[in-house]
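The residues making up each chain are set out below.
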Amino acid sequence: MMNNPTQPDLIHPGHVACPGCGAAIAMKLALRVMGPKTMVVIPACCWGVIAGPYPQSSLKVPVLQTAFATAGAAAGGLRAALDMRGDAETVVMAWAGDGGTFDIGLQSLSGAVERNDNILYVCYDNEAYMNTGVQRSSSTPYGTRTTTTPGSGWKRSRKKNIVEILAAHRIAYAATASIAFPEDMMRKFEKARQMNRGSRFLHVYATCPTGWGIASDKSIHIARLAVQCNMFPLYEVENGMAYTLNYQGKEAVGAYLKAQRRFRHLSKDDIGHVQAMVDEDWDLLMQKVSR
Amino acid sequence: MDPNIKFIQGNEVCVEAALYAGLNFFAGYPITPSTEIAEHLAQKLPEQGGKFIQMEDEIASMAAIIGASLTGKKVMTATSGPGFSLMQEALGYAIMTEIPCVIVNVMRGGPSTGLPTSVGQGDVMQARWGTHGDHGIIALTASNHQDVFSITIDAFNLAETYRTPVILLFDEVVGHMREKLVVPEPGEIPIVERLRTSVKGGVDYHPYLPREDGRLPMSDFGGVHRYNVTGLYHDMWGFPSNNPSVVQGLHRHLNDKITNNVNQISRYKEYYLEDAECILISYGSAARSALHVVQERRPRGEKLGLLELQTLWPFPYQMIKEKCENAKSIAVVELNAGQVLRAVKRAVNDPEKVFLANRIDGVFITPVDIRNMLRFVQGRGA
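Computed from a prediction, not measured in an experiment: that's the story for all the values here. (Residues numbered from 1 in each chain as written. Chains lettered and ligands numbered in written order. Predicted model: local features only at pLDDT ≥ 70, side-chain atom pairs only at ≥ 80, totals over all residues. Heavy atoms only, no water.)

Attention shifts here to the interface of chain B and chain A. Contacts between the two partners involve 15 residues from chain B, matched on the other side by 13 residues from chain A. Summing both sides of the interface, chain B and chain A together bury roughly 1,100 Å²; the carbon and sulfur share of this comes to 58%. When the buried area of chain B at its contact with chain A is split by residue, B:Tyr29, B:Glu39 and B:Gln54 rank highest and sum to 43% of it. Counting the contacts that link chain B with chain A gives zero salt bridges. Summed over the shared surface of chain B and chain A, the number is six residue pairs in polar contact (both at pLDDT 80 or more). When contributions to the side of chain B that touches chain A are tallied by element, the ones reaching two or more residues are helix 2 (35–47) and strand 3 (51–54) of chain B. Residue contributions to the side of chain B that touches chain A peak at five residues, all from helix 2 of chain B. (Contact = heavy atoms within 4.5 Å. Buried area = accessible area lost by both parts, 1.4 Å probe. Salt bridge = Lys/Arg side-chain N within 4 Å of Asp/Glu carboxyl O. Polar contact = N/O pair within 3.5 Å; in protein donor to acceptor, adjacent residues only side chain to side chain. Helix = DSSP H or I, 4+ residues; strand = E, 2+ residues; numbered from the N terminus.)

Now for the layout of surface pockets. Residue and element names in this part refer to chain A. Quantified by volume, the second largest pocket comes out at close to 580 Å³. As for the second largest pocket, its lining consists of 27 residues, and the residues nearest its centre are Lys-159, Asn-161, Met-231, Pro-233 and Asp-281. At the level of secondary structure, the elements contributing two or more residues to the lining of the second largest pocket comprise helix 6 (162–167), strand 6 (200–205) and helix 11 (268–289). A per-class count over the lining of the second largest pocket returns 16 nonpolar, four polar and seven charged. (1 Å grid on protein atoms, 1.4 Å probe; cavity = no way out; pocket = protein on both sides within 12 Å on 5 of 7 lines; lining within 4 Å. Points joined across faces, edges and corners; volume = space filled by probe spheres on them. Nonpolar A, V, L, I, M, F, W, Y, C, P; charged D, E, K, R; others polar.)

Let's shift gears to the environment of B:Lys74. Residues and elements named next belong to chain B. Position of Lys-74 relative to the elements: it lies in the loop between helix 3 (58–70) and strand 4 (75–79). A residue is classified by how much of its surface remains accessible, and Lys-74, at 6% relative accessible area, is buried. Between the C-alpha atoms of Lys-74 and Val-333, which are 259 residues apart in sequence, the distance is 34 Å. In this structure Lys-74 touches Ala-21, Gly-22, Leu-23, Asn-24, Phe-25, Phe-156, Glu-160, Ile-191, Val-192 and Glu-193, once residues within four positions along its chain are discounted. Of the polar contacts made by the side chain of Lys-74, one reaches the backbone oxygen of Val-192; its length is 2.9 Å. (Buried < 20%, exposed > 50% of the residue type's maximum accessible area, 1.4 Å probe, protein only.)

For the structure on display, the rule yields 17 aromatic pairs over all chains. Between A:Tyr129 and B:Tyr29, the ring centres sit 5.2 Å apart and the planes meet at 80°, which makes this aromatic pair edge-to-face. Residue A:Tyr129 is located in the loop between strand 4 (120–125) and helix 6, and its partner B:Tyr29 is located in the loop between strand 2 (25–28) and helix 2; the two belong to separate chains. Judged on exposure class, the residue A:Tyr129 and its partner B:Tyr29 are both buried. (Phe/Tyr/Trp six-rings, centres within 6.5 Å; stacked < 30°, edge-to-face > 60°.)

Written out as structure tokens, the structure reads:
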């Protein structure tokens, strides 16, 4: 693992995330790579709380907590001003949840990466609005129950494919990463850090025990299953064209779905439908990888 | 137990009342402390054949309810400060195009992200002037669950009557507090249905030509009449116009239809005003503490009264002037730096006798806070 033992973690212990929070694990690993010359831009999201009140203000780097819809724009503004100041070393890292990336923040993100602003934008994806108590987002997968897709009204639309949206902007680097594959994830952060030119995007799978209905000690286990069943494939896209697959999943989706309360209501047919969608997405990805 | 008696949160009361008033379309976006409204409607609206949509942000929420209302539905969205800020442009669009809709703002501490889980009443002026340009607006509030129920229905009725957005300015305490609600029987509270045009299809229809009484009969969009809707100044057909007389006429109409009907729109409650030497003026959750002070001090001979405002906009200047004529002092009790205070000072003969009793620290104002301030006003020291 690319883990420098002389580099102390840039996240304090005793933060206010829920036990087993994937987003907290993701930040810890990310900052080990990014180092102290990093500015973090956080819109409204769980991390707005986790980076919370003194003495639990958990990050040892400068944090700009910005309005919900503005992570991309705020990061772009910081970058431009750092450039004017002659500071090319500091990396500006936007760190937003799926709501702040897929939904309300998409316009701001698209604007920033179309301008090719020199930022690293990280979406930690827990697949719903967890900070307000589990409402669906456009990242919530097909089949999920949330408080705004309750009962038999569970979500019937697909999860938005955010990496493809970013790849379509032809940015230098877009990739997925998972807290269950820390070496792979930290390698991607290192790659994005070293590029230090133009827009880079990392889509990080971040388990939410509270919102998904799993035990907190299953956080990594579930994240691993998601990759192994190809619900969340690990891959990289350079310049919107060159696709690299990092892991070949071989499992069926059943075990992944059945392990979580948010999917407990799904029938055998429903699970078959999810499998068909995953297979379809996988085939499409393989076409791009082998192109 | 009587199924009509409920012990629920204020946000749920708002949901019950909206459904009672005929709500059949809701578009919204999660935000504390209003999220329960969306969550309950996500469950209840589909059960009743209505439509719930979770949007990608508050700009979209506001735009979606405008479209749905134009096609004939009774619509609502719910939010809090930051979301209300994002809604302002489309709110102005609804004012300009005269599309009925109800916007709930469960107020929290602001500005910006502010205090998401704490109470505040700092959006009173935003409700009045948040969107740009001269305009009339209706904003209502309530302090207890029975009143939240009836004022929510009023909001729908006024939106239909005046073809305007109506803002419900609740606050975090009212929204999250649980207390008893007795749900009225169907028909017990009158419901205003949409005034639809009697003009037949194929006949020249003027969607923006008010009747003599100022009301504007609607035609469900996409129905028998083809017409144009725009946020530009527009003529009686709804087509854009910069003809000065058309512009001035519409400008006047948009303002006058609200301000000329202050007495019809104004709702308030009064306690012991007849002989009151000191009048508390309050609204929303803060009025609960104000009422407690009045009820506690009256038996001790203090001539205290309470005027609880339920209509904040259009502001009832004349009513307040009359009610306060004989008072020696007036204390405005609110959870901001003095937004209604300033309006009250403009209303009364002697603005020097109006004082502020407030908290701006995210903590709910208590009767003790108000009493301490009254001692100061009455020259008895803090």
